[in-house]
Amino acid sequence: MDITEMLKKILIDRLDVDEVYVYKHDNIFNVIVVGSCFLGLSRVMKHKIVYAPLTKFILNNDIHAISIKVYTPNEWKGIDFVN
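Notes on the structure in this doc start here.

The rules we used
- The residue numbering used here restarts from 1 in each chain and proceeds along that chain's sequence as written.
- Only residues with pLDDT of 70 or above have their local features reported here, since the model is predicted, and side-chain atom pairs are shown and tallied only from 80 upward, although totals for entire chains, interfaces and linings are computed over all residues.
- The side-chain values count all of the structure's non-hydrogen atoms but skip hydrogen atoms and water molecules.
- Going along the chain from the N terminus, every DSSP run of H or I of four or more residues is numbered as a helix, and every run of E of two or more is numbered as a strand.
- With the radius of gyration taken over C-alpha atoms, the globule rule is written as 2.2 Å times the number of residues to the power 0.38.
- Three labels apply to residues, based on accessible area from a 1.4 Å probe with only protein chains included: buried if under 20% of the type maximum, exposed if over 50%, partly exposed otherwise in between.
- For every accessible area listed, the method is Shrake-Rupley and the probe measures 1.4 Å; residues are considered covered only by the protein chains on display.
- Counting rule applied: Lys, Arg positive; Asp, Glu negative; His and chain ends not counted.
- Throughout, a charge is located at the NZ atom of Lys, the CZ atom of Arg, the CG atom of Asp or the CD atom of Glu.
- Throughout this description, the term salt bridge denotes a Lys or Arg side-chain nitrogen within 4 Å of a carboxyl oxygen of Asp or Glu.

### Some words on the overall build of the chain
Here is step 1: Along the chain, the regular secondary structure elements total 4 helices and 3 strands.
Here is step 2: Taken from the N to the C terminus, the helices and strands of the chain come in the order α-β-β-α-α-β-α.
Here is step 3: The C-alpha radius of gyration of the chain comes to 12 Å, within 12% of the 12 Å expected for a compact globule of 83 residues.
Here is step 4: With respect to the principal axes defined by its C-alpha atoms, the chain has extents near 35 × 25 × 20 Å.
Here is step 5: Taken over 83 residues, the chain has a buried fraction of 31%.
Here is step 6: Of the accessible surface of the chain, which amounts to about 5,500 Å², a share of 51% is contributed by carbon and sulfur atoms.
Here is step 7: For the chain, the separation between the mean place of its 10 positive charges and that of its 10 negative charges on side chains is 6 Å.

### Regarding the pattern of salt bridges
Oppositely charged side chains may form a pair once their charged atoms are brought near each other.
Here is step 1: Under the definition given, this model contains 2 salt bridges.
Here is step 2: Between glutamate 75 and lysine 46 there is a salt bridge, and its shortest N-O distance comes to 3.9 Å. With glutamate 75 in helix H4 (residues 73–76) and lysine 46 in helix H2 (residues 43–51), this residue pair connects regions lying 29 residues apart in the sequence.
Here is step 3: The partly exposed category is assigned to glutamate 75, whose relative accessible area is 39%.
Here is step 4: In this structure lysine 46 comes out as buried when scored by relative accessible area, which is 10%.

This is how it looks when you write it as structure tokens:
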């Protein structure tokens, strides 16, 4: 299993979310997470929730740079993500 699939699995297993997308481009990981669990939370809190299960990978330098985008299901509707 490559690291993008591993990160996706960890986020799906540890968070109550609907969708997770993980892409790597030029050593930058792009993570998109969609879930109802983010309703009513600030952007900072949403990011903290996603960062928490990834901390080990950040500290071990498996992840050097990361971009996180977090959406509720209603926010995600109509967004056409192209990798």
